[in-house]
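Below are the chains, spelled out letter by letter.
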Amino acid sequence: MSQKDFDLEVEEKKELYGYQKGDINAIFERLDNSPSNYHLLYQLPTGGGKTVIFSEIVRRYLSKHNKKVVVLTHRIELCKQTSRMLKTFDVKNKIINSKVKELPDQNDYSCFVAMVETLKNRINDEKLHLDNIGLVIIDEAHYNSFRKLLSSFKNAFILGVTATPLSSNIKLPMNQNYDELVVGDTILSLINKGFLAKAITYSYDVGLTSLKVGINGDYTVKSSDDLYSNMAMQEKLLHAYTEKSLGKKTLIFNNGINTSLYVYETFREAGYAIRHLDNTSNSEDRREILAWFKKTPDAILTSVGILTTGFDEPTVETIILNRATKSLTLYYQMIGRGSRKLPNKDTFIVIDLGNNAARFGLWSEPVDWQHIFKSPEFYLENLRDDAEIELYFKYQMPPELRAKFSKTKVVTFDVDEEHKIAIAQNLRSKVVVEKSLEQHANMCVDNTEELYDAKQLAKELHEDIECRMKRYAKCLSHCSKNYREWLIEDYKLKLTLLIGKKFREKMF
């Protein structure tokens with residue numbers, strides 16, 4: 001977005017909406033009637049205008065109090081955007097970045113916008129002291145880096161602002177640093193009022209049990225790269241794009257640089273206009289790529305951990321989550337990049353390739369933020385895990401594979417229903433496996449002429465077999481992982497033997 005475009009956009013936003021005015025009044029009610037060192041957290045969805053709201057709060061606060069304001073951000077892009085927004089509210093402010101070593105002119109300003117790390121370093125070096133600070137606003141307050149500075153403003157009113165009041169570190173819950181949470185309008189309400197675009201979500205089942213969880217509580221980059229870089233996942237991604245987003249401006253989020261580079265090569269070889277961006281890209285390349293993305297109607301941008309905050313491109317039509325995450329904040333941030341509304345854009349597409357919607361719920365579903373704020377451990381402990389999510393996968397045979405079984409009318413098999421029938425008839429559970437084997441064997445034999453071809457066709461049933469045996473193991477309850485794996489391998493062996501037996505019967 002060019003400076004001119006940004007300034008025009010800011011000018012349009014200067015007129016506060018009803019819900020924004022209501023939230024500002026609620027915040028000032030606390031500010032005016034609470035102790036000077038009160039810590040208040042404010043939640044509003046991405047796209048709801050948090051920067052506009054706290055800019056008006058700064059303006060109004062300075063007009064009523066003979067004290068100064070500090071706004072803290074964690075990224076330089078947010079520093080610059082915040083400073084520009086404050087200026088449109090007639091708030092003269094100074095950015096404290098790495099170039100600012102001292103503040104001899106601090107009496108010329110009533111508001112300072114600072115990077116957390118920079119301000120912490122300056123205070124620790126005793127080269128910089130901010131006097132008479134009455135209000136500290138923390139943008140993206142869920143990041144724990146801000147805790148380092150709270151002790152430097154012991155007598156100031158702290159206002160944290162976030163779309164997701166859930167700490168990035170479960171060991172440091174937000175209710176330890178904030179006395180109260182004020183919840184703003186919901187995503188659904190903002191959609192219904194015409195402020196946000198509606199998300200149309202398409203989920204593709206992905207087996208995630210190979211993923212490892214790191215010390216930060218989210219899936220590791222290495223295990224994600226191993227899964228999402230493989231050919232099957234690249235094909236699934238390309239299929240999802242061509243099926244749901246062909247020709248649309250698309251933003252793809254990945255967990256690892258290797259995955260993003262694989263995505264770039266896959267789409268480039270398929271003839272699509274795509275670029276790659278990650279946090280190792282220099283500022284010049286980043287500007288050039290983002291300018292290309294803005295002006296190219298069918299552009300695809302594959303990225304890693306760089307466009308979740310401080311990036312705003314309203315013309316994005318599709319968000320692809322080519323990754324899984326256990327971070328509720330990241331989930332909302334990624335989807336939020338597509339939620340900006342335009343005169344010709346009322347909806348946008350979300351393609352989920354990480355079971356994220358099954359884990360967190362759809363983006364626009366109601367969330368009890370007060371409960372999450374008060375009991376974050378309970379919320380996180382009760383998130384659906386991958387094994388449970390995968391139990392409810394319904395296998396759908398891909399069209400190209402279904403064509404290979406054209407002589408078979410029914411290729412589906414309801415394990416749960418067959419197990420209920422077996423129990424009702426007082427039969428052993430294994431008759432369910434035997435029925436499934438019989439169906440699979442007939443499918444392979446009926447659609448081939450040679451034994452070798454039938455056995456090769458059976459190998460293509462791996463996903464179907466895996467899905468059926470997982471459902472079967474669930475019916476048995478309390479099965480170990482080793483037993484589930486043995487069931488799948490034993491099934492494949494029995495299927496090969498049964499196919500051989502049926503061919504012999506066919507011949508004689």
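All values reported here derive from a predicted model rather than from experimental measurement.

**Q** A description of the environment of Ile187 should follow, citing residues and the corresponding values.
**A** Within the fold, Ile187 resides in helix α7 (residues 187-192). Residue classification places Ile187 among the buried residues on the basis of a relative accessible area of 10%. Distance from Ile187 to Val367, taken between C-alpha atoms, is 9.5 Å for residues 180 residues apart in sequence. Sequence-distant contacts of Ile187, defined by excluding residues within four places in its chain, comprise Pro45, Leu196, Tyr332, Trp363 and Ser364.

**Q** Go over the pattern of salt bridges with me, naming the residues and quoting the values.
**A** The tally for this structure, following the rule as stated, stands at 20 salt bridges. For Arg268, the salt bridge goes to Glu265, with nearest N and O atoms at 2.7 Å. Here Arg268 pairs with Glu265, and both are found in helix α10 (residues 257-269), just 3 residues apart, close to one helical turn. Between Lys404 and Glu460 there is a salt bridge; the shortest N-O distance is 2.9 Å. On the criterion of sequence distance, the pair formed by Lys404 in the loop between α17 (399-402) and α18 (415-424) and Glu460 in the loop between α20 (451-459) and α21 (462-476) is long-range, its members being 56 residues apart. Among the charged side chains, a network of salt bridges with common partners joins Glu29, Arg30 and Glu180.

**Q** Describe helix α3 (residues 50-64), and please don't skip the residues or the numbers.
**A** Helix length check: α3 (15 residues) gives 21 Å between terminal C-alpha atoms against 21 Å at 1.5 Å per residue, within 8%. Within the span of α3, buried status applies to Lys50, Val52, Ile53, Phe54, Ser55, Glu56, Ile57, Val58 and Tyr61.

**Q** Mind laying out the pairing of strand β9 (residues 250-254), listing which residues take part and the relevant values?
**A** In the case of a regular strand, side chains alternate between the two sheet surfaces. Of all 5 residues that make up β9, 5 are buried, and the element is covered over most of its length. On β9, burial covers both faces: Thr250, Ile252 and Asn254 on one face and Leu251 and Phe253 on the other are all buried. Here β9 runs beside strand β11 (residues 300-304); their pairing, made up of 5 bridges, is parallel. Within the sheet, the bridge partner assigned to Asn254 lies in β11 and is Val304. Across 4 bridges, the pairing between β9 and strand β12 (residues 318-321) is parallel.

**Q** Requested: an account of the packing of α20 against helix α22 (residues 481-507), with residues and values cited.
**A** What describes two packed helices is the angle between their axes and the distance between those same axes. Packing of α20 against α22 leaves a shortest axis separation of 10 Å and a crossing angle of 150 degrees. Taken as axis vectors, α20 and α22 run roughly antiparallel relative to one another. When the axes of α20 and α22 are compared, the crossing they make is right-handed. On α22, the residues that touch Leu451, Ala454, Lys455 and Ala458 of α20 are Leu495, Thr496, Ile499, Gly500 and Phe503. Within the contact of α20 with α22, the residues separate by chemical class into 6 nonpolar, 2 polar and 1 charged.

**Q** I'd love a proper account of the sheet that holds strand β7 (residues 180-183), names of residues and values included.
**A** Read from one edge to the other, the open sheet built from 7 strands follows the order β3-β4-β2-β5-β6-β1-β7, with strand pairing classed as parallel. Each edge of the sheet is formed by a strand with only one pairing partner; in this case those strands are β3 (93-96) and β7. Neighbour to neighbour, the strand axes of the sheet diverge by 20 degrees on average, direction disregarded. The pairing of strand β2 (residues 68-73) with strand β4 (residues 111-115) spans 5 bridges and is classified as parallel. Its bridge partner lying in β4, Thr73 is registered against Met115.

**Q** Quick one: what's the story with the sheet that holds strand β8 (residues 198-203), residue by residue and with numbers?
**A** With respect to topology, 6 strands assemble into an open sheet ordered β8-β13-β12-β9-β11-β10, the strand pairing being parallel. With partners counted over all chains shown, the strands left at the sheet margins are β8 and β10 (274-277), one partner each. Direction aside, the axes of adjacent strands within the sheet are offset by 20 degrees on average. Each of β9, β10 and β11 is contacted by α10, which is oriented at about 170 degrees to β10, the strand it contacts most.

**Q** Can you lay out the packing of α3 against helix α4 (residues 76-88) for me, pointing to particular residues and giving the numbers?
**A** Packing of α3 against α4 brings their axes to within 9 Å, and their N-to-C directions diverge by 50 degrees. What the angle tells us is that α3 and α4 run oblique. The way α3 lies across α4 gives a crossing that is right-handed. Counted together, Thr51, Val52, Phe54, Ser55 and Val58 of α3 and Thr82, Met85 and Leu86 of α4 form the full contact between these two elements.

Calculation notes
Residues numbered from 1 in each chain as written. Predicted model: local features only at pLDDT ≥ 70, side-chain atom pairs only at ≥ 80, totals over all residues. Heavy atoms only, no water. Helix = DSSP H or I, 4+ residues; strand = E, 2+ residues; numbered from the N terminus. Buried < 20%, exposed > 50% of the residue type's maximum accessible area, 1.4 Å probe, protein only. Contact = heavy atoms within 4.5 Å. Salt bridge = Lys/Arg side-chain N within 4 Å of Asp/Glu carboxyl O. Expected span 1.5 Å × (residues − 1). Pairing = 2+ DSSP bridges. Axes fitted to C-alpha atoms, helices over the stretch in contact; angles between N-to-C directions. Parallel < 35°, antiparallel > 145°, perpendicular 65-115°, else oblique. Left-handed = near helix turned anticlockwise from the far one by under 90°. Nonpolar A, V, L, I, M, F, W, Y, C, P; charged D, E, K, R; others polar.

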